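Notes for the structure review
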Amino acid sequence: MAENYEKAIKTKYIGKPLTLHDEKPAWVVDSPRAMSHIHTYGLLTPFFQGLTQGKLMATKCTNPKCPHPSVWLPPRADCPDCYERMKWVKVPSQGTIYTFTLVDYAGIGVEMKTPYWQIDVAIKGVDTIFKGYLESGKPEIGMKVKAKFRTENPTHTILDVCWVPA
Amino acid sequence: MITFGKGNLRIPKWSKRVFMVAGGCTPFRKYYPEYKLEELVMMAYKMMLEENNLKLSPLEIKDSINFAVYGEFADHFQDQLLCEAKIHDYLGLDPLYNVGIKTGGATGGASVLMGAQAIASGYANCCLVAGWERMDEVDTRTGNFYISTAACKDFETRMGRIYSSYYAPMANRFAWAYDLNDSVRAKIAIKNRHYATMNPNAQQPGDHTEEEVLKSRMSAYPLRFLECCAMTAGAASVLLCDEEMAYKLSDHPVEVFIAGGTHTLRVADRRPMDIPLLPNEKPGMYKEFLAKNPRWPGFESFLAARFAAYLTYRMAGIQEPIEELDLVELHDAFTISDVQTYGDIGLRPYGQEVDYVTSGDAYFGGKCPSNLSGGLLGTMHAVGATGIWQSAECLWQVQNKYDQFHGDAKWWKRAGKKKPKNWTSLQVKDAKQALWVSHAGVGSHVTVGILRKAW
C-alpha cells in the first residue's frame, strides 16, 4: 500500500535457515531446491496426444521442391531442408531394433525400474531412428518389435509408448 | 544438412595468425570444499601467468589482456547465472569485454575457437580463455540427471537420465558393425587411467587390469564405471595472442588452428549421407564400407568431428594426420566415444578404428599417442574447463614442458599428493604438432584444434 512507503519498517526473517553440510576445511551449506517447470509440447502436441490414442504420428515433408523430403520421428514441425511446415502422418507401430543398451545405473528421478532395456527402433518409411524402451524380452539388433501404448492413465510424456517383441 | 552447398564447405581463414603461449589449471577433484569457484579459476589463471616462462610479469600481462572468453557447461551445476561476471571481476579484468560460451562438452574447445577468432579478427591481441565447472554441489545421481538434460528432454532424457545410456547404444552398434570387443574398450580405460598416474592434477588415476575394468559396476551395457569419466570440480585457462604479442611474451609460442562442426542433438535424427573426405582419403575408398554400413554417420561415427577435422586439417595444411601429428588429446568421456573419433579425425579409415589401439599407435612411444594427460577418464571432466585444459596439455607437450608441469614435486604438493616413485616422463620427443578434440553431447558440437611449434 502506498502509505507503507512512508513508514519505518522492522523486517522479520521468514526464510528457512540452511544447515551446515560441512564445517571443515570450509563452511559448506546445504541449499535445497524444489521447483516445477511449465513446459509446452507446442506444435508437437499431436504426437503426444497420438500416443494416448494408440498411434505413432510422424511429420513428413511434402514440398515437391524439397531437396531431401523426409519422414521424421521424433517429429518436428518445420522441414530443416526446405523450411516448409510439414504434414502429420501415421507411421507403422512395428519396427526392428537398430541398437540397444541395458540401463543399469540411472540418474535421479528415473521412471522405470532398473535395470531395463533401452532400444532404438528403425521403422519402415521413417528416415530417422526412434528411441524407446523394451517392456519385456531381451533385445538383439534386427529383432522385430511392436509398439505398446499407454492409453489408460497416460504420463503425458514420451513414456506413453514402449515396445514389446513382435 | 545432408548435402552441402559450396559456401558450406568454405575453409576458415584467419585474418591474422593466432598463437597460444601459456596454460594453467587447478588440481581436479570430485569435491572441492576448500575453495569457491572464483578462487579455483584464480588458481588456474595465476598458474598460467606465473609458471609458463613468460617474458613479462603477471601484472604486465594483466595490463596486456584486452578480451576474455569464459567456458561453462551448465548453470545448473554452478547454481549461479552470469558466473562470467563474477569470475571476470574476481580476476580484476573489468571493464574489458568478456563473453560466456556454452556448447556442452565442447565448451572448452569452443571457447578457444572464440578467443582465436577475437585474435584473428584483430579485436584483441591478447585474449584470456578460461573455463570451469563445479559438479560437486549436487550428489552424483542428480549430476547424472543434470547432464542428461543435454539429451533431448522430450524424447531422450526420460529414457535413462544418465549420459552413459546414450553412448551405450552407439557402443553396441559399433561392436556389431566393426567388430569392437570389450577388451579393446578396456585397454583404452587402462591406458588413459595409467597415464593419469603421472599427472599430479588427476582425479582418478589408477593402474587397472582388464578384468578390473570389465568387472567394474555396469552403468549402461556395455559401458562399465571404469569406462566412464568422472564428475569434476576445477578450472583451466590458456592465453592467446597475435604474432607480435606472442613473441613479446614467449620464446616458445605455438600456432593455433581450430574449427568446429555440429550435428543433431539426438543421434536418432542423423540421416545417412556421403562422407566428407579428409585430405588423406581418396574418392571411392568407402564404396565397400558404405555397401555394408549404408547409414553413415549412423550410431557409429560423428559427422561433427569429421566436419571439424575436414576444416581444421585444411586450415593447417595437414595431409596425413597419423604421420604428421605427434600426439592427440581426445574426448574420452566414455571409452566408446574415444574409439568412434579415431575414424572421424582420420587416425584410421572408418571401419578400422580398433587398429589404432591394437597396433600400439595410441600408446606412449607409438606413432601418435593419445591422452598422455590421462584424458577425461583418468584426469578430469570439469566440463567447461575440459577443452581448455586439453589444449594446455598439448601446448606443454609441444613446448617440451611435460616434465615441468607433471614432474616437478611442487605440483604434486599443490594437489596434496606425493609424487609417485615410479613417475616417468610422458614427454613426446621433439613433439612439433598436437591435436585436441573437444566434444559435446552425443556428437552435437565438436571442435578439432591443432597446436604447432612456432619457433
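This section reports on the structure supplied with the text. Just so it is clear, the model here is predicted, and its values are computed rather than measured. (Residues numbered from 1 in each chain as written. Chains lettered and ligands numbered in written order. Predicted model: local features only at pLDDT ≥ 70, side-chain atom pairs only at ≥ 80, totals over all residues. Heavy atoms only, no water.)

What follows is about the overall build of chain A. From N to C terminus, chain A includes 1 helix and 10 strands. Starting at the N terminus, the α and β elements of chain A follow one another as β-β-α-β-β-β-β-β-β-β-β. In terms of C-alpha radius of gyration, chain A reaches 24 Å, well past the compact-globule figure of 15 Å for 166 residues. Dimensions along the principal axes, computed over C-alpha positions, put chain A at roughly 70 × 45 × 35 Å. For chain A, the residues scored as buried account for 41% of the 166 residues in total. Taking the intrachain contacts of chain A between residues at least 6 apart in sequence as the baseline, contacts between residues at least 24 apart amount to 50%. For chain A, the accessible area works out to roughly 10,300 Å², and carbon and sulfur atoms hold 54% of it. Of the charged side chains in chain A, 21 are positive and 16 negative; the average position of the first set lies 5 Å away from that of the second. (Helix = DSSP H or I, 4+ residues; strand = E, 2+ residues; numbered from the N terminus. Rg over C-alpha atoms; globule rule 2.2 N^0.38 Å. Buried < 20%, exposed > 50% of the residue type's maximum accessible area, 1.4 Å probe, protein only. Contact = heavy atoms within 4.5 Å. Areas by Shrake-Rupley, 256 points an atom, 1.4 Å probe, with all protein chains shown as cover. Lys, Arg positive; Asp, Glu negative; His and termini not counted. Charge placed at Lys NZ, Arg CZ, Asp CG, Glu CD.)

Residue and element names in this part refer to chain B. Applying the stated criterion across every chain, the model contains 32 salt bridges over all chains. The residue K16 makes a salt bridge to D242 at a minimum N-O spacing of 3.2 Å. Taken together, the residues span a long stretch of sequence, with K16 in the segment before β1 (19–25) and D242 in the loop between β7 (233–241) and α10 (243–249) at a distance of 226 residues. Take D242: its relative accessible area is 7%, and that puts it in the buried class. In this structure, D361 engages R348 in a salt bridge whose closest nitrogen and oxygen atoms are separated by 2.8 Å. Of this pair, D361 sits in the loop between α15 (354–358) and α16 (375–379) while R348 is found in the loop between α14 (335–344) and α15, placing the two residues 13 residues apart along the sequence. In this structure, D361 and R348 share a single accessibility class: buried. Through salt bridges with shared partners, one network takes in E72, D75, E84 and K102. (Salt bridge = Lys/Arg side-chain N within 4 Å of Asp/Glu carboxyl O.)

Residue and element names in this part refer to chain B. Position of P253 relative to the elements: it lies in the loop between α10 and β8 (254–262). A residue is classified by how much of its surface remains accessible, and P253, at 0% relative accessible area, is buried. In sequence terms P253 and V18 are 235 residues apart; their C-alpha atoms lie 9.8 Å from each other. Leave out the neighbours within four places in its chain, and P253 touches F19, M20, V21, A246, Y247, R452, K453, A454 and W455.

What follows is about the layout of surface pockets. All names here are of chain B. Considering only enclosed or pocket space, the second largest pocket measures out at about 820 Å³ in volume. Surrounding the second largest pocket, 43 residues form its lining, I147, Y163, C229, M231 and F334 being those nearest its centre. Contributions of two or more residues to the lining of the second largest pocket are made by α3 (75–78), α6 (140–148) and α7 (164–178). No other element matches α6, which puts 4 residues into the lining of the second largest pocket. Residues belonging to the lining of the second largest pocket are distributed by class as follows: 22 nonpolar, 17 polar and 4 charged. (1 Å grid on protein atoms, 1.4 Å probe; cavity = no way out; pocket = protein on both sides within 12 Å on 5 of 7 lines; lining within 4 Å. Points joined across faces, edges and corners; volume = space filled by probe spheres on them. Nonpolar A, V, L, I, M, F, W, Y, C, P; charged D, E, K, R; others polar.)

Next up on the list: empty space enclosed by the protein. Scanning the entire structure with this criterion turns up 1 cavity of 30 Å³ or more. The space that makes up the largest cavity amounts to roughly 40 Å³. Around the largest cavity, the lining residues are D120 and K131 of chain A together with E156, Y166, V267, A268, F299 and V442 of chain B. When grouped by side-chain class, the residues that make up the lining of the largest cavity number 5 nonpolar, no polar and 3 charged.

Here we take up the packing of aromatic side chains. Tallied over the entire structure, the rule returns 34 aromatic pairs over all chains. Aromatic side chains Y163 of chain B and Y167 of chain B sit 6.2 Å apart centroid to centroid with 45° between the ring planes, which places their arrangement in the tilted category. This pair shows no difference in class: Y163 of chain B is buried, exactly as Y167 of chain B is. Each member of the aromatic cluster is reached from another via a ring pair, and the members are Y41, F47, F48, F130 and W163 of chain A together with F155 of chain B. One cation-aromatic arrangement involves R314 of chain B over Y310 of chain B; the distance from NZ or CZ to the ring centre is 3.9 Å. A cation over an aromatic ring shows up here: K419 of chain B above the ring of W423 of chain B, its NZ or CZ 4.6 Å from the ring centre. (Phe/Tyr/Trp six-rings, centres within 6.5 Å; stacked < 30°, edge-to-face > 60°. Lys NZ or Arg CZ within 6 Å of the ring centre and 35° of its normal.)

Residues and elements named next belong to chain B. Considering the arrangement of structural elements, one finds R193 in helix α8 (residues 182–196). Although R193 is buried, it forms no salt bridge, and the closest oppositely charged side chain is D332 at an N-O distance of 7.8 Å. Excluding residues that lie within four positions of it along the chain, R193 makes contacts with Q204, P205, G206, H208, F225, L226, E227, C228, L377 and G378.

Of the residues lining the interface, 48 residues belong to chain A; the matching set on chain B comes to 41 residues. When the two sides are added together, the surface that chain A and chain B hide from each other amounts to roughly 4,100 Å², 58% of it contributed by carbon and sulfur. Here chain A is connected to chain B by 5 salt bridges. Applying the counting rule to chain A against chain B returns 31 residue pairs in polar contact (both at pLDDT 80 or more). Examining the composition of the side of chain A that touches chain B, we find that 6 residues originate from one element, strand β6 (residues 94–103) of chain A, more than from any other. Partitioned by chemical class, the residues of the side of chain A that touches chain B number 27 nonpolar, 12 polar and 9 charged. (Buried area = accessible area lost by both parts, 1.4 Å probe. Polar contact = N/O pair within 3.5 Å; in protein donor to acceptor, adjacent residues only side chain to side chain.)

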